[in-house]
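Each chain is listed here by its residues.
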Amino acid sequence: MPRCLVNDLEIAYDLHGEGDPVLMINGIGANRHAWGQQIPALAGEFTVITFDNRDVGETVSRGDSGDYAMDQFATDAAGLLDHLEIEAAHIVGASMGGAIAQEFAIGYPSRTKSLTVACSWPATDPWMHELMSRWDEIFRSSGGVAWARNSWLWVFTHRYYAESGSLQSLLDGAAADPHPQTVEAYLRQSAAFKGHDALDRLSSINCPTHVVCGEEDIYTPLRYSIDIANAIPGSTLSVLPEVGHGMFWESTDAFNELVLTFLRESTNR
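Asks: I'm lost on the overall build of the protein in this one. Help?
Replies: The helix and strand tally for the protein stands at 11 helices and nine strands. Along the first, second and third principal axes, the C-alpha set of the protein runs to 50 × 45 × 35 Å. Across the 269 residues of the protein, 56% fall into the buried class. Considering only contacts in the protein between residues 6 or more positions apart, those separated by 24 or more positions represent 77%. Charge separation in the protein, taken as the distance between the mean sites of 16 positive and 36 negative side-chain charges, equals 3 Å.

This is the structure we're talking about:
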């Protein structure tokens, strides 16, 4: 597992495959391994870059671990591309990673070949702020596994829970995590999450953009993706049926094909 130093941050990352670079950005509390079901599909045609955001996984801060805003994650990602000597990449972000991807495309337009925003939101409204505040309390009082078990109910549909062994697999994975997120790290990520507001700046994005949402997403409902797509000129909105926030795990083949088709089209423009 390679690492690189970007300002105060020692970023853990992985490279897979060959071809046009695709930077994959994950959401709150999720490390780079959460893209495990996308990497094999994408790496056959692209160089896939996965990494741990600050305050999660094996990425370590060597400086002051103070509060930060959503655009700090985008700055970190740009620093990783600098280290890899990659001028521009296709940016794919899910959930909070989709918010980071929005900030990246706004802040680094010349470095954004295309933008894929999956199951995300354009600005934190009072409903989302209240939800995240309640999750803060669960993490603070009961720990990461309890927080994860609560959040999974917002991520997966009833179909996933009906599959034998699905919940136990999630619990086993959480218990086996060698780098669990601390309360302090989670709360810093959550503060950036709750402060996200890119809606009025999305119109500046001029790269090919694909917005993807699960039809039954109750965490980042379809209305958010509609707002993102309406705000970005020329963007495309795709809605996957009978799936929620965790569409890349619950409807893996359909999600991967949507992403691959868009990346191919964007590469050939």
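Anyway, onward from the coordinates.
Asks: Whenever I open this one, the pairing of strand S7 (residues 112–118) confuses me. Can you help?
Replies: Across a regular strand the side chains alternate sides, sitting on one face of the sheet and then on the other. Buried residues dominate S7, accounting for six of its seven residues. The pairing of strand S6 (residues 89–94) with S7 spans six bridges and is parallel. Residue pairing across strands places Val92 opposite Thr116, the latter belonging to S7. In this structure, S7 lies alongside strand S8 (residues 209–214), joined through four bridges in parallel fashion. Note on S8: the bridge partner recorded for Thr116 is His210.

Asks: Hey, could you run me through the packing of helix H2 (residues 70–83) against helix H3 (residues 96–107) in this one?
Replies: When two helices pack together, their arrangement is captured by the angle between the axes and the distance separating the axes. Packing of H2 against H3 brings their axes to within 8 Å, and their N-to-C directions diverge by 70°. Classified by the angle between their axes, H2 and H3 sit roughly perpendicular to one another. For the pair formed by H2 and H3, the contact residues are Met70, Asp71, Phe73, Ala74, Ala77, Ala78 and Leu81 on the first element and Met96, Ala99, Ile100, Glu103 and Phe104 on the second. The residue makeup of the contact of H2 with H3, split by class, is 10 nonpolar, no polar and two charged.

Asks: I tried to follow the packing of aromatic side chains on my own but got confused; where do I start?
Replies: Geometry of an aromatic ring pair is reported as the spacing of the ring centres plus the angle between the planes. Under the criterion given, the structure shown has 17 aromatic pairs. Both rings, one in Phe104 and one in Tyr108, keep their centres 5.1 Å apart while their planes meet at 35°; by these two values the pair is tilted. Taken together, the aromatic side chains of Trp121, Trp127, Trp135, Phe139, Trp147, Trp154, Tyr186, Phe193 and Tyr219 make up a single cluster linked through ring pairs. We note Arg54 situated over the ring of Tyr68; from NZ or CZ to the ring centre the distance is 5.4 Å. A cation over a ring is seen here: Arg223 above Trp127, with NZ or CZ 5.4 Å from the ring centre.

Asks: Looking at this structure, I do not really get the side chain of Ser133. What am I missing?
Replies: Following the sequence through the fold, Ser133 ends up in helix H4 (residues 126–142). Overall, Ser133 belongs to the buried group, its relative accessible area being 15%. There is a polar contact of 2.8 Å between the side chain of Ser133 and the backbone oxygen of His129.

Asks: So what exactly am I meant to see when it comes to the environment of Ser61 here?
Replies: If you trace the backbone, Ser61 turns up in strand S5 (residues 60–61). The exposure class assigned to Ser61 is partly exposed, which follows from its relative accessible area of 26%. Contact partners of Ser61, with chain neighbours within four places excluded, come to Asp8 and Leu9. Reaching out from Ser61, the side chain makes a polar contact with the side chain of Asp8 at a distance of 3.4 Å. Looking at Ser61, its side chain comes within polar contact range of the main-chain nitrogen of Gly63, at 3.4 Å.

Asks: Before we go on, may I ask you to explain helix H11 (residues 252–267) in this structure?
Replies: An α-helical segment advances 3.6 residues per turn. Residues three or four places apart therefore align on the same side. Over its 16 residues, H11 runs 22 Å from end to end, which matches the ideal 22 Å to within 8%, given 1.5 Å per residue. Within the span of H11, buried status applies to Thr252, Phe255, Asn256, Val259, Leu260, Phe262, Leu263 and Ser266. Buried positions in H11, seen along its axis, are confined to an arc of 165° and lie on one side of it.

Asks: What should I look at first to understand the packing of H4 against helix H8 (residues 183–194) in this one?
Replies: Running from N to C, H4 and H8 point in directions that differ by 175°, and their axes come no closer than 10 Å. If you check the angle between H4 and H8, you find them roughly antiparallel. In this structure, H4 uses Met128, His129, Met132, Ser133, Trp135, Asp136, Phe139 and Arg140 to contact H8, whose residues at the interface are Val183, Tyr186, Leu187, Ser190, Phe193 and Lys194. Tallied by class, residues from the contact of H4 with H8 come to eight nonpolar, three polar and three charged.

Cut-offs applied
Residues numbered from 1 in each chain as written. Predicted model: local features only at pLDDT ≥ 70, side-chain atom pairs only at ≥ 80, totals over all residues. Heavy atoms only, no water. Helix = DSSP H or I, 4+ residues; strand = E, 2+ residues; numbered from the N terminus. Buried < 20%, exposed > 50% of the residue type's maximum accessible area, 1.4 Å probe, protein only. Contact = heavy atoms within 4.5 Å. Lys, Arg positive; Asp, Glu negative; His and termini not counted. Charge placed at Lys NZ, Arg CZ, Asp CG, Glu CD. Pairing = 2+ DSSP bridges. Axes fitted to C-alpha atoms, helices over the stretch in contact; angles between N-to-C directions. Parallel < 35°, antiparallel > 145°, perpendicular 65-115°, else oblique. Nonpolar A, V, L, I, M, F, W, Y, C, P; charged D, E, K, R; others polar. Phe/Tyr/Trp six-rings, centres within 6.5 Å; stacked < 30°, edge-to-face > 60°. Lys NZ or Arg CZ within 6 Å of the ring centre and 35° of its normal. Polar contact = N/O pair within 3.5 Å; in protein donor to acceptor, adjacent residues only side chain to side chain. Expected span 1.5 Å × (residues − 1). Arc of directions from axis to C-beta.

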